[in-house]
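# Understanding the architecture of this molecule
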Amino acid sequence: MGDNILDTNREFETRELVRKWLISEGQWNLEANLDQLTNLEGGFVDRFNFFMPYLPETAKDSILISGCSIGSEHIVASRFGFNEVYGTEVEQSLVDIATFRLSDYSNFFVSHYDGLNLPFPDLSFSFVY
């Protein structure tokens, strides 16, 4: 699957998984939270637009996204030219959703971690976000 093409069915299923998770977490503003987590525009793109002018091209080899949630930033990072996109998340349910959502991409990786010790050796990434 191309990095800029999203499978519509997988995105629909992802939204449903996120909806169930939000309900289980007692979220009260369900649709707004769902849109915020799954929307690939707005805040995610704004953040990349902010820091990208300061990065050398070599920083695009690999990126680690700390607190990657359901993988939206993985997709945005790929659109901004990052070759390998890694993410860590402390919430196992979100790791499971991101893994499902990103399973067709060979350059996206999601890992669960304890919030203290990253599951990667030092100096593994060209950029940490």
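Read on for an overview of the structure.

Rules of the game
- Residues numbered from 1 in each chain as written.
- Predicted model: local features only at pLDDT ≥ 70, side-chain atom pairs only at ≥ 80, totals over all residues.
- Heavy atoms only, no water.
- Buried < 20%, exposed > 50% of the residue type's maximum accessible area, 1.4 Å probe, protein only.
- Helix = DSSP H or I, 4+ residues; strand = E, 2+ residues; numbered from the N terminus.
- Pairing = 2+ DSSP bridges.
- Right-handed = clockwise from strand over helix to strand, strands pointing away.
- Lys, Arg positive; Asp, Glu negative; His and termini not counted.
- Salt bridge = Lys/Arg side-chain N within 4 Å of Asp/Glu carboxyl O.
- Polar contact = N/O pair within 3.5 Å; in protein donor to acceptor, adjacent residues only side chain to side chain.
- Contact = heavy atoms within 4.5 Å.
- Arc of directions from axis to C-beta.

### A few points about the pairing of strand 2 (residues 84-89)
Judged by how many residues are buried, strand 2 sits mostly within the fold: five of six residues are covered. Where strand 1 (residues 62-66) and strand 2 come together, five bridges link them in parallel fashion. Looking at strand 2, one finds that Ser66 is bridged to Thr88. What joins strand 1 to strand 2 is helix 4 (residues 72-79), and the crossover it makes is right-handed. Strand direction decides the pairing type here: strand 2 and strand 3 (residues 108-112), joined by five bridges, are parallel.

### As for the side chain of Glu89
Take Glu89: it is sitting in strand 2. The charged side chain of Glu89 is buried without a salt bridge, its nearest counter-charge being Arg47 at 11 Å. Side-chain polar atoms of Glu89 contact the backbone nitrogen of Ser69, separated by 2.8 Å. Beyond its immediate sequence surroundings of up to four residues, Glu89 is in contact with Gly67, Cys68, Ser69, Leu94, Val95, Ser111, His112 and Tyr113.

### Considering helix 2 (residues 30-38)
Listed in full, the buried residues belonging to helix 2 are Leu30, Asn33, Leu34, Leu37 and Thr38. Mapping the buried residues of helix 2 onto a view down its axis gives an arc of 120°, with all of them on the same face. Lining the buried residues of helix 2 we find helix 1 (8-24), helix 3 (43-51), helix 4 and helix 5 (92-101).

### What about unusual backbone geometry?
Of note, the phi angle at Ser69 is positive, near 55°, even though the residue is not glycine. Structurally, the position occupied by Ser69 is in the loop between strand 1 and helix 4. Not every positive phi belongs to a glycine, and Leu123 is a case in point at roughly 65°. Here Leu123 lies in the loop between strand 3 and strand 4 (127-128). Residue Leu123 is classed as exposed on the basis of its relative accessible area, which comes to 85%.

These values are about where atoms sit, not about what they do.
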